[in-house]
Amino acid sequence: NLNKKKFNNCIIIPARLNSSRIFQKPLVKINNEYLIVKTYKNVIKHYHPDRVYITTDSKKVVDAIKNYTKNYVLTKKNFINGAERCSYSIDKIKKFKNFTIVSCDMPFLNGKILKYLEYKFFNEKNIDAATVHTKVNNYKQFKDPSIAKIAISKSNRVLYISRSNIPSQFNKKFKAKLFTHHGLMMFKRNVLSKYKKIKNSNLQLSEDNEWLKLIENDFIIKSFYVKKINSEINTKSDLAKLIKINK
């Protein structure tokens, strides 16, 4: 029963305090509200608060969210990425069989996309994790190294994710389909739990993309097309635009 399966899914929001590009990103304010709080409040519009957790390395982040939820995991170790943080954190979140990672910098993520991802995940037989992708809007976006590009097979299996241009469009006569990937991934519990035990991989470290560790180790990740997704806040420019729009 699909409805019963859905209740075995937990949304987990990793919130590392010290982002490399935006100072203390989870605590940046938009409309006088912390980014992490804004993201959390958006997610609980679509999921019961009992099914939403935040994992962070910072007591400052805990202080920001503790008036809204007690579902948080404070981690001590410095992790290489959000997936690794979540992999350790779920040891303390016992009751769920599946987890969807939502980046803390996606305060306006459409809840329909989360539900669509869940639906596709539960209807796939041979799958370890799932995500979504959308079309490249313009050439500037395609060239932007802060936005991940994704290549997928005919069966929706993720072949590769890169900050570089993929495909490279070496053949100028052929107009390739170009897609972007954004910080959203759903896992079976056992797969996310294994993540922390797998050695960091060549492609993962080279591209600085956490999902490549799974792809390089032959896990099956599938991606499904959506028309539009509100992307993460990757840069100060992204943040400035978002603040301006939401004044």
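One structure accompanies this document, and this report is about it. (Residues numbered from 1 in each chain as written. Predicted model: local features only at pLDDT ≥ 70, side-chain atom pairs only at ≥ 80, totals over all residues. Heavy atoms only, no water.)

### Remarks on the pattern of salt bridges
In this structure the tally under the stated criterion is nine salt bridges. Between lysine 25 and aspartate 105 there is a salt bridge whose closest N-O contact spans 2.7 Å. Taken together, the positions of lysine 25 in the loop between β1 (9-15) and β2 (29-30) and aspartate 105 in the loop between β6 (98-102) and α5 (111-122) put the pair 80 residues apart, joining distant regions of the chain. Aspartate 105 gets classed as buried once you look at its relative accessible area, which sits at 5%. Among the ionic pairs, glutamate 33 bridges to lysine 41, the shortest N-O distance being 2.7 Å. Overall, the relative accessible area of 33% leaves lysine 41 in the partly exposed class. (Salt bridge = Lys/Arg side-chain N within 4 Å of Asp/Glu carboxyl O. Helix = DSSP H or I, 4+ residues; strand = E, 2+ residues; numbered from the N terminus. Buried < 20%, exposed > 50% of the residue type's maximum accessible area, 1.4 Å probe, protein only.)

### Structural notes on the layout of surface pockets
Within this model, the largest pocket holds a volume of roughly 960 Å³. If you trace the largest pocket, you find 35 residues lining it, with Arg16, Arg21, Gly82, Arg163 and Glu210 closest to the centre. Here the lining of the largest pocket is composed, by residue class, of twelve nonpolar, 13 polar and ten charged. (1 Å grid on protein atoms, 1.4 Å probe; cavity = no way out; pocket = protein on both sides within 12 Å on 5 of 7 lines; lining within 4 Å. Points joined across faces, edges and corners; volume = space filled by probe spheres on them. Nonpolar A, V, L, I, M, F, W, Y, C, P; charged D, E, K, R; others polar.)

### Considerations on the side chain of lysine 25
What makes lysine 25 buried here is its relative accessible area of 11%. A polar side-chain atom of lysine 25 sits 2.7 Å from a polar atom in the side chain of aspartate 105. Ignoring anything within four residues of it in the chain, the contact list for lysine 25 reads Leu17, Ser19, Leu35, Asp105 and Ile233. (Polar contact = N/O pair within 3.5 Å; in protein donor to acceptor, adjacent residues only side chain to side chain. Contact = heavy atoms within 4.5 Å.)

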